[in-house]
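# Examination of the molecular architecture
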Amino acid sequence: MVPHENTLLSQHSRMANQKVTIAVAAIAAVLISIVSWMALHGHSASRYPHSPHAIDTLLPDEISDMTPRQLSIHFYSDPKTIRYKYNLKDEDLVIMMVEAFHLKTVMVNLAVGDAAAKSNIVERCYFSARQTGLFKGYYAVLTDGPMERYKYLKENDNKFFVLQIKYEDRRDDMSDNLELEYFKTLIPKYIYSHPVLRNVDNINYLDSDIVVGRHLNVIFKKLLKRRIQDLHQLPEGVSSAYFFQENHGNHRIKEKVLHGGISFLDRSSFRCMELWGMEIMIAANQEGKNPHALTSAYYKSRSGEYSDCVLFGLPHDRDFVFSNEFDPVKNIETTFSHVTYPKIMRREHNPDAGDFADVVKSFHRNTVMINLSVGEEAAKSNLVERCHRSARVRGKFEGYFAILTDAPEGRYADLMAIDDKFIVLQIDENDRRTDIEPLMAMKIFKTLIPRYVYSHPMLQHVENICYLDFDIVIGRDMNQFFASFMERKLHDLMELPSGTSTTYFFEEHHNASLDGQMFHGGIFFLDKNSVHCMELWGNEIVADGHDQKQRDQISLTRTYKKIVNGEYSGCMLFRLLRGDDLLFPDDSDMKDQKVATFIHVTNTFRAATIPVEVQDQYFVSVFIVSKHSVFTN
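Moving on: the overall build of the protein chain. Per the secondary structure count, the protein chain includes 25 helices and 20 strands. The buried share of the protein chain, taken over its 633 residues, is 55%. Carbon and sulfur atoms make up 51% of the accessible area of the protein chain, which amounts to about 28,700 Å² in all.

Here you go:
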């Protein structure tokens, strides 16, 4: 049975005769910093006319005359003594203490990997801390990115530092996610090895996708009081660290106790971080079967197995929320908001939407949208032009647009002339399959898309591929969908072993079973890790290719079944709900002018019965085009 936190502390409190040197350092540093702050801001006897002496000459003597417990009790638990002695108002005393806490604190982000280096979330966190949180202390980023990546922040803030991750601290024996968590445990080592930052007393670690939503004085005041009270009851030399409690109400992993995305550390925290790191190594050896290393460390510290460390949990109150708790209508101000590639982006009335727009713009720039056009009939149609124009005009898509085709050279010269991001990928004749039915032979090119994309010199850097059948049109601004998709993908990757191949498809039917068609093969989302999944799908297409009645969606469902059954490994296929993002319009939908992010006008199947004049009127009205545009027949 795990002892209650108060029980453990009461046991420690019986060691009352021991001096708490940790408290000495913490409280003394606060008071000395107050003196510095007052001198800097001109606070002296003239500021308080009834004070017999300048406060900056009295406080150091007061510190030297007190034992650690007397000091903390005298100064914080009973502030009237100080207040009356120096004729200070209560609010002045609190302000000075919190200001000193700012000056002796470093706020730290962790940015690891290419995706982190390319994103602006460190800047977002930094500016929210400086501008909204009014944070006055040091700011650092621990990163494996180039030193010049944060050149702008360094040149404009002499309290901003870049800490470079050392090669010997890399962990090749861990998944990327566990290695990232492991780096969090090394933060005190990096901070206190820095010639400037070694003088700070407090470390506030924040995941870089956290934003500060209100003045930090609120949380600093609470933490200062809580920590002094806790140090009173801990024996000398016990390591401590503070985390917010995990949100059991909304988090699907109920076993998690502490949230590792925000921590408050000091010089005593080395041992707690070391123990957390040990639990991460255990999780790595168990191949992810025990992924909640921080929770494991918490329980062991509570049970006495780790007797020299105590991990404290802070209540959320209004100091910490996840993005899915945010309700902009209520205009809730919170100190820390964990917005993991934000839902807030989708709320048009949110005043901070511009901060998140840069994140989505980065997704645009690192994405290629691609059509497949095979055969003479496809080359004669205007469907590629229609899809392209809808993406650029209606979807406001800013990334690359490509066509994989066997059409004659020059077929898409007009698009190349007006769009410098339009790229033609010519099908290699060696990839044609003559041993299977023509329709399936055409469909198999879908599975080769990653190979064609990443073989092109202009597309090798893109991170995302959005495949669309060319009879799809984009019905509205894609920012909303991209923000939602980024959030979903990042969440999924946290749950997968490193290196797992993934692909995302929309659902074919809401109630599809494993025996039916679970996935819609006309739209899917890939990245550089998707090659293996595409190979597996390609194997099933070839296996089904001699049956004239087969469809690529059935082959795709069979691929999924084999993954679930363990016959295929190393790949995961994810389903996206249609919601209001995918529409297969019928006659009434077009007459009602319904739209969605992706509108699949399958004239060879679902939409074949819709009269041409209804379709033309739909595109003229909804897409605001002339009757002679590429949208109409």
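Where charged atoms of side chains with opposite charge meet at close range, the side chains can pair. Within the structure shown, the criterion is met by 30 salt bridges. Salt bridges linked by common partners bring Asp144, Arg170 and Glu179 together as one network.

Moving on, we come to the sheet that holds strand E11 (residues 367-373). Strand order in this open sheet of seven strands is E13-E12-E11-E14-E17-E16-E18, and the pairing throughout is mixed. Two strands in the sheet have a free side with no partner beyond their single neighbour: strand E13 (422-426) and strand E18 (571-576). Mean inter-strand twist for the sheet, computed between neighbouring axes without regard to direction, equals 30 degrees. Across four bridges, strand E14 (residues 464-468) lies against strand E17 (residues 519-526) in antiparallel orientation. When the sheet's bridge partners are listed, Leu468 is paired in E17 with Ile523.

With respect to burial, strand E2 (residues 138-143) is a largely interior element, six of its six residues being buried. Because side chains alternate across E2, one face comprises the buried residues Tyr138, Ala140 and Leu142, and the other comprises Tyr139, Val141 and Thr143, equally buried. Bridge analysis of strand E1 (residues 105-111) against E2 gives six bridges, and the strand direction is parallel. Within the sheet, the bridge partner assigned to Asn109 lies in E2 and is Val141. Taken together, the five bridges between E2 and strand E3 (residues 160-164) define a ladder with parallel strand orientation. Bridge assignment links Val141 to a residue of E3, and that residue is Val162.

Before going further, it helps to examine helix H14 (residues 293-303). In terms of burial, H14 is largely enclosed, as nine of its 11 residues are buried. The positive-phi residue at the C-terminal boundary of H14 is Gly304, with phi of around 95 degrees.

Per the counting criterion, the structure on display carries two disulfides. Linked covalently through their sulfurs, Cys272 and Cys309 form a disulfide whose S-S length is 2.1 Å. Handedness here is read from the sign of the S-S torsion; for Cys272 and Cys309, about 115 degrees, the answer is right-handed. In this pair, Cys272 is assigned in helix H13 (residues 270-285) and Cys309 in strand E8 (residues 309-314), connecting sequence segments 37 residues apart. Owing to a relative accessible area of 3%, Cys309 belongs among the buried residues under this scheme. Covalent S-S linkage joins Cys533 and Cys571, the inter-sulfur distance amounting to 2.0 Å. As the torsion about the S-S bond is roughly 115 degrees, the Cys533-Cys571 disulfide counts as right-handed. Of this pair, Cys533 sits in helix H22 (residues 531-544) while Cys571 sits in strand E18, and the two are 38 residues apart along the sequence. Take Cys533 and Cys571: they sit in the same class, and that class is buried. Here the bonded cysteines of the protein chain are numbered in sequence order, and their pairing is 1-2, 3-4. Just so you know, Cys387 is unpaired, no disulfide at all, and the nearest cysteine sulfur is the one on Cys466, 8.5 Å from it.

Now for the environment of Ile444. Among the secondary structure elements, Ile444 is positioned in the loop between helix H19 (438-443) and helix H20 (449-453). On the basis of relative accessibility, which here comes to 7%, the residue Ile444 falls in the buried class. Distance in space between the C-alpha atoms of Ile444 and Val542 is 7.8 Å, their sequence separation being 98 residues. Sequence-distant contacts of Ile444, that is, excluding residues within four places in its chain, are made with Arg433, Gly538, Ile541 and Val542.

Time to look at the nonpolar core. By size, the foremost hydrophobic cluster in this structure holds 41 residues, and its most contacted members are Val106, Ile191, Leu197, Ile203, Phe243 and Leu311. The residues contacting Ile191, other than those within four sequence positions of it, are Val106, Val108, Leu163, Leu197, Arg198, Val200 and Ile203.

Now for the pairing of strand E12 (residues 400-405). Along any regular strand, the residues point their side chains to alternate faces of the sheet. Judged by how many residues are buried, E12 sits mostly within the fold: six of six residues are covered. Taking every second residue as pointing to the same face, both faces of E12 are buried, with Tyr400, Ala402 and Leu404 on one and Phe401, Ile403 and Thr405 on the other. As paired elements, E11 and E12 share six bridges and run parallel to each other. Looking across to E12, one finds that Ser373 is bridged to Thr405. Running through helix H18 (residues 413-418), the crossover from E12 to the neighbouring parallel element E13 is right-handed.

Glancing now at the sheet that holds strand E15 (residues 472-474). The sheet built from three strands is open, its strands ordered E15-E20-E19 with mixed pairing. Both edges of this open sheet fall to E15 and strand E19 (582-583), since each of them pairs with a single strand only. Bridge count for E15 against strand E20 (residues 598-600) is three bridges, and the pairing is antiparallel. Bridging from a neighbouring strand, Val473 pairs with Ile599 of E20.

It is worth spelling out the confidence of the model for the protein chain at this point. Of all residues in the protein chain, 72% have pLDDT values of 70 or greater, and the mean over the chain is 77. With pLDDT under 50 throughout, residues 32-74 is counted as low confidence; its partners more than four residues away or in other chains account for 69 contacts. The low-confidence segment residues 341-355 (pLDDT under 50) makes 33 contacts with residues lying over four places distant or belonging to another chain.

What counts and how
- Residues numbered from 1 in each chain as written.
- Predicted model: local features only at pLDDT ≥ 70, side-chain atom pairs only at ≥ 80, totals over all residues.
- Heavy atoms only, no water.
- Helix = DSSP H or I, 4+ residues; strand = E, 2+ residues; numbered from the N terminus.
- Buried < 20%, exposed > 50% of the residue type's maximum accessible area, 1.4 Å probe, protein only.
- Areas by Shrake-Rupley, 256 points an atom, 1.4 Å probe, with all protein chains shown as cover.
- Salt bridge = Lys/Arg side-chain N within 4 Å of Asp/Glu carboxyl O.
- Pairing = 2+ DSSP bridges.
- Axes fitted to C-alpha atoms, helices over the stretch in contact; angles between N-to-C directions.
- Disulfide = S-S within 2.5 Å.
- Contact = heavy atoms within 4.5 Å.
- Core = buried A, V, L, I, M, F, W, Y, C linked by side-chain atoms within 4.5 Å.
- Right-handed = clockwise from strand over helix to strand, strands pointing away.
- pLDDT = per-residue confidence, 0-100.

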